[in-house]
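Results of the structural survey
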Amino acid sequence: MSIEERAGQMFFPRFNITNYTEDIEKKKPGGFMLFAYDFNTSYYSKSDIQNYINNSQIKSNESIGLPLGLAVDEEGGKVNRVSLFFGDGPFPSPQEIYNKSNITGILQTDQKKRNLLREFYLNINLAPVADLSYNSNDYIYNRTIGRLPAEAANYIGSDVEGYVKDNFSCTLKHFPGYGNNSDTHKGIAIDNRTYEHFQQEDFKTFQAGIDKKAPIVLVSHNIVTCKDKKYPASLSKAWHDILRSELKFSGLIMTDDLSMGAIKDFTDNISEAVLAVKAGNDILLTSDYYIHYDAVIDAIKKKDISEEIINTACKRIIAWKLKYLLNHEPSYEEKKEDDPDATTLIIVLIVLAALVVGAIIFFLIMWLKNRSKSDDVDIEPQAGLVD
């Protein structure tokens, strides 16, 4: 892979139905993020949407030999994408489900989410929200389960375990913890909580998910001053180092969308994509794909970003794709014991195995017979060679 192709794997731009083929051919992205618009049945039929998304996978495999990560936010409640138009209707919020039926309801609902997302060839859910909030006035409150750290950590750990067992990627967000901050889609949020507060509370849920092998952690655009007064956490090397060293996370670190209003005024006229790579992100979500990609490539050529950083991120991404995208096993609900295609395949495999074993036995018998004949022949000594 060229350095441009390796860097391309780090980008998950917004999926564009009109030019995704061009995006794949020119920039070789590692994946795409999709929004509610992409599933809107006022514009597209279900089969059209499925064909577009599946075709993007085909194009990626043809172009670079790797599948795409295809991500959506299907949290439930106020943040749904696919279920707004398909399935049994929008999924309730995790808080609503938890209040009614505890963790059992969460696990059952998230299985339904995964099954629905798989219908559209999606393989990443940008959920669960691992943030803590106890105040109903907080911006993030309705997206959390609204419980204290121990109970919330148990929820996150159990939820992640369900995703991992089903071989479907989930995403812990928004590290290091959103707290009572304002909406970073609209502007910057400054968090002045102490580091001890994060250690005693917010880290608990993220650690629970990491301990259960969550493959992805998404970092927030909040400026969290206890470790970095200058940059949002998504662009802060200090916060990425904490995630790696203190929480021992070895998976993929992902930015929130780099095109959000929260970070534009806090980059010192340096590309937010360049800062994100240097901070330690493996995956960059962006709605300004070509601008951000070109900025990163330019920084690599100027040696402002080392190839080692790109190589490390690319290796993590490919390792994740090998595990989650190339070795997919269907969930229990997807398996059908009476599936005729599966039964036929099993019969064919058994027959082929029997033929191979039979051939081996046949050649072994023939070899033994030939050897036995050669052992029975008397070899006369040649003159001059034997005394």
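Anyway, here's the lowdown on the structure attached to this text. (Residues numbered from 1 in each chain as written. Predicted model: local features only at pLDDT ≥ 70, side-chain atom pairs only at ≥ 80, totals over all residues. Heavy atoms only, no water.)

1. Some thoughts on the overall build of the chain
The test is simple: Secondary structure is summarised from DSSP: a helix means a run of H or I of at least four residues, a strand means a run of E of at least two, and numbering begins at the N terminus for each. Note on classification: 1.4 Å probe, protein chains only; a residue is buried when its accessible area is under 20% of the maximum for its type, exposed when over 50%, partly exposed between these limits. Note on contacts: a residue pair is in contact if any heavy atoms of the two residues lie within 4.5 Å. Here, Shrake-Rupley sampling with a 1.4 Å probe gives the accessible areas, and only protein chains in the shown set may cover a residue.
Helix and strand counts for the chain stand at 11 helices and 10 strands. In the chain, which comprises 387 residues, the proportion classed as buried is 50%. Contacts in the chain between residues far apart in sequence, at least 24 positions, make up 73% of those at least 6 positions apart. Summed over all atoms, the accessible surface of the chain reaches about 19000 Å², with 53% contributed by carbon and sulfur.

2. Notes on helix 6 (residues 195-211)
Basically, it comes down to this: For a helix, the expected span equals 1.5 Å multiplied by the residue count minus one. A residue's bend is given by the angle between axes fitted to the 7 residues ending at it and the 7 residues starting at it.
For helix 6, spanning 17 residues, the distance from its first C-alpha to its last is only 21 Å, which falls clearly below the expected 24 Å at 1.5 Å a residue. Residue F203 marks the point of greatest curvature in helix 6, where the axis turns by about 55 degrees. Looking at helix 6, one finds that the buried residues are Y195, F198, D202, F203, T205, F206, A208, G209 and I210. In this structure, the buried residues of helix 6 make contact with helix 5 (149-165), strand 5 (169-175), strand 6 (190-191), strand 8 (223-224) and helix 7 (237-245).

3. Let's talk about helix 7
So the rule is basically this: To obtain the arc, one takes the directions from the helix axis to the C-beta atoms.
Among all positions in helix 7, only W239, H240, I242 and L243 are buried. Viewed end-on, helix 7 has its buried residues packed into an arc of 155 degrees, placing them on one side of the element.

4. Here's the deal with the packing of helix 4 (residues 94-119) against helix 5
Put simply, the rule is: Convention adopted: a line fitted to C-alpha atoms gives each axis, helices being fitted over their contacting stretch, and angles between N-to-C directions are expressed from 0 to 180 degrees. Note that the term roughly parallel is reserved for angles under 35 degrees, roughly antiparallel for angles over 145, roughly perpendicular for angles of 65 to 115, and oblique for everything else. A clockwise turn of the near helix away from the far one marks a right-handed crossing, whereas an anticlockwise turn of less than a right angle marks a left-handed crossing. Gly counts as polar in this scheme, as do all residues outside two lists: the nonpolar Ala, Val, Leu, Ile, Met, Phe, Trp, Tyr, Cys and Pro, and the charged Asp, Glu, Lys and Arg.
Where helix 4 contacts helix 5, the axes come no closer than 9 Å and their chain directions differ by 15 degrees. Here helix 4 is positioned roughly parallel relative to helix 5, judged by the angle of their axes. Once helix 4 is placed against helix 5, the crossing between them reads as right-handed. For the pair helix 4 and helix 5, contact is made by P94, Y98, I103, I106, L107, D110, K113 and R114 and by E151, Y155, S158, D159, G162 and Y163, respectively. Tallied by class, the residues present in the contact of helix 4 with helix 5 amount to 7 nonpolar, 2 polar and 5 charged.

5. Regarding the sheet that holds strand 4 (residues 124-125)
To be explicit about the condition: Pairing between two strands is assigned when DSSP locates at least 2 bridges connecting them.
Taken in spatial order, the 6 strands line up as 2-3-4-5-7-9 in an open sheet, and their pairing is parallel. Each edge of the open sheet carries a strand with a single partner, namely strand 2 (31-33) and strand 9 (252-255). Sheet topology note: the strand 5/strand 7 (residues 216-219) ladder contains 3 bridges and is parallel. Across the sheet, residue T171 finds its bridge partner in strand 7, namely I216. Seen against the sheet, helix 10 (residues 307-324) touches strand 3 (69-72), strand 4, strand 5 and strand 9 and runs at an angle of roughly 110 degrees to strand 9.

6. Side note on the packing of helix 8 (residues 272-279) against helix 9 (residues 289-301)
In the contact formed by helix 8 and helix 9, the axes pass within 8 Å of each other and the chain directions differ by 60 degrees. With respect to their mutual orientation, helix 8 and helix 9 come out oblique. Pair helix 8 / helix 9 crosses with right-handed handedness. Of helix 9, the residues touching helix 8 (which contributes E272, A273, V274 and V277) are H292, A295, V296 and A299. Here the contact of helix 8 with helix 9 is built from residues that sort into 6 nonpolar, 1 polar and 1 charged.

7. Description of the environment of I317
Examined against the element boundaries, I317 turns out to sit in helix 10. A relative accessible area of 0% places I317 in the buried class. Distance from I317 to M10, taken between C-alpha atoms, is 7.6 Å for residues 307 residues apart in sequence. Once you skip the residues sitting within four places of it in the chain, I317 turns out to touch Q9, M10, L252, D282 and I283.

Bear in mind that shape data such as this cannot, by itself, settle questions of function.
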